[in-house]
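# Structural description and commentary
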Amino acid sequence: MKRVLFGFVLIFILGCKNKNNSPIDNVPSESTVIPYAKGFTLERSDNGITIIKIYSPWPNAEAAFTYALVPREILPYTTLNVDAYDAIVAVPVARIIVTSTTHIPALEALGVADRLIGFPSTSLISSKFTRQRIDEGYVQELGNNENINTEVTISLHPDVVVGFGINNQNKAYKTLQQSGIPVVYNGDWTEETPLGKAEWIKFFAPFFKAEKKADSLFKEIESSYLKAQALAAKAVDRPTVLTGGLYKDVWHVAGGKSWMATFLRDAHADYLWADTQDTGGIALSLESVLEKAQTAAFWLNPSSETTYDGMSGANRHYEYFDAFKHKKCYSSNKVKGATGGVLFYELAPNRPDLVLQDLIHIFHPGLLPEYEPIFFKPLD
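In this report, the structure presented in the accompanying data block is examined. Please read these numbers as outputs of a predicted model, since none were measured by experiment.

Below, the discussion takes up the environment of Lys227. Structurally, Lys227 is set in helix H8 (residues 211–232). On the accessibility criterion, Lys227 (66% relative accessible area) is exposed.

See below:
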């Protein structure tokens, strides 16, 4: 791909000798302020070129990825050191493929969801707007993320594919790159804080020259989240909370440094595993969880169960927990799109302020008495 791009640029340089070439590596850059997200940086040069560096496309990534986003109007006259970049993308992008449902709300918020042309496992998308575009044939089904249908993808002629991966071994992405299609990794899912995940809207912005809009949208989300956090701090009590449930005899609870644990802390709750250092889940036995959390006041996301009968059927030991007895169990798996996609997995990372308001309403109903939860609903 790099050889193809280099040849393309060289042809334009030789054919436009009267134009002023603008070497990308010699242009002063200004860094965009990214106060919460840890996984990417943005630098914008005076001629409009944006350099994106992705430091955590997946956990424990050994090297960063660097991408150059070049305005279409100056690309023919810009000398590019193609070996310095993992992909070069002409912007604004007119045709985009994304691979995680968390990418959908960012496109919609920026007003560019009509440029989405393909997605793997479209049934997972819950957004009504994008579901309609799928039904009308504007967004093509691409298989699954680990084995994207490369023939269909190439035939769609995307300007860029925004990839999601747990490592760099996705053969489909390599095939697309060899075909001249830029693949850019997005690592929003590796962020450990609510506002850190939400700030990835700034990652998408320069692909559409929508930086000002992204900044404005994020400031609104940040302000809403901090306002809710301050409201929760007024609560007198800190109710104890249990998370997760059994899967094949192993109980997975959220780690003390995880995204969910941050929500619980900011909602002024006493999360029972808050003192652990894990950023992901913690695998425990039923016995150890029962010993520590039997008297917990609330229980969030008891596995995939959404009813008390379902919980009893899955494991009778669930009935020993006070949160079960007092009907204080809540799930974020109940609100789904037309084809079964869970809204929480799609929208929550982009709108942490709504998640926090949900939890405040559950734990401290007097602080938000008229609020109707968006994601977390009581079990039936």
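Here the narrative resumes.
Read across the sheet, three strands follow the order E14-E15-E17 without closing on themselves; strand pairing throughout is antiparallel. Among the strands making up the open sheet, the edge pair consists of strand E14 (245–247) and strand E17 (281–284). Each strand axis lies, on average, 40° off the axis of its neighbour in the sheet, ignoring direction. The pairing of strand E15 (residues 250–254) with E17 spans four bridges and is antiparallel. Its bridge partner being in E17, His252 is matched across the sheet by Ala283. Set on the sheet, helix H10 (residues 286–293) makes contact with E14, E15 and E17; between it and E17 the angle comes to about 105°.

The next thing to look at is the nonpolar core. Counting residues in each nonpolar core, the largest one holds 107 residues, and the members touching the most others are Phe203, Phe207, Trp251, Trp299, Phe363 and Phe376. Among the elements that take part in this core, helix H14 (residues 352–363) stands out by supplying seven residues, more than any other. Beyond its immediate stretch of four places on either side in the chain, Phe207 contacts Ile52, Leu69, Val89, Val91, Pro92, Val93, Val160 and Val184. The next biggest cluster of nonpolar side chains, apart from the first, holds 10 residues, and it includes Ala68, Val70, Leu75 and Ile88.

What follows is about the packing of H8 against H14. Put simply, H8 and H14 touch, their axes get as near as 8 Å, and they point 20° apart. Considered as vectors, H8 and H14 are oriented roughly parallel to each other. Between H8 and H14 lies a crossing of left-handed hand. Packed against H8, whose contacting residues are Ile221, Ser224, Tyr225, Ala228, Gln229 and Ala232, the element H14 presents Pro352, Asp353, Leu356, Gln357 and Ile360 at the interface. Of the residues assigned to the contact of H8 with H14, the class counts are seven nonpolar, three polar and one charged.

Calculation criteria
- Starting from 1, residues in each chain are numbered consecutively following that chain's sequence as written.
- Confidence filtering applies because this is a predicted model: local features only for residues at pLDDT of at least 70, side-chain atom pairs given and counted only at 80 or more, and all residues used for totals across whole chains, interfaces and linings.
- Calculation of side-chain values draws on the structure's entire complement of heavy atoms; hydrogens and water are dropped beforehand.
- The helix count covers DSSP runs of H or I at least four residues long, the strand count covers runs of E at least two residues long, and both are numbered beginning at the N terminus.
- Only protein chains enter the area calculation, which uses a 1.4 Å probe; residues under 20% of their type maximum are buried, those over 50% are exposed, and those in between are partly exposed.
- In this scheme, strands are said to pair when DSSP sees at least two bridges between them.
- Throughout, an axis means a line fitted to C-alpha atoms (over the contacting stretch in the case of helices), and angles, computed between N-to-C directions, take values from 0 to 180 degrees.
- The contact definition used throughout considers only heavy atoms, calling two residues in contact when any of these lie within 4.5 Å.
- Note on terminology: a nonpolar core comprises buried Ala, Val, Leu, Ile, Met, Phe, Trp, Tyr and Cys residues joined through side-chain atoms within 4.5 Å.
- Orientation categories follow fixed angle ranges, with anything under 35 degrees roughly parallel, anything over 145 roughly antiparallel, 65 to 115 roughly perpendicular, and all other angles oblique.
- We call a crossing left-handed when the near helix sits turned anticlockwise from the far one by less than a right angle, and right-handed when that turn is clockwise.
- Note on residue classes: Ala, Val, Leu, Ile, Met, Phe, Trp, Tyr, Cys and Pro are nonpolar, Asp, Glu, Lys and Arg are charged, and everything else, Gly too, is polar.

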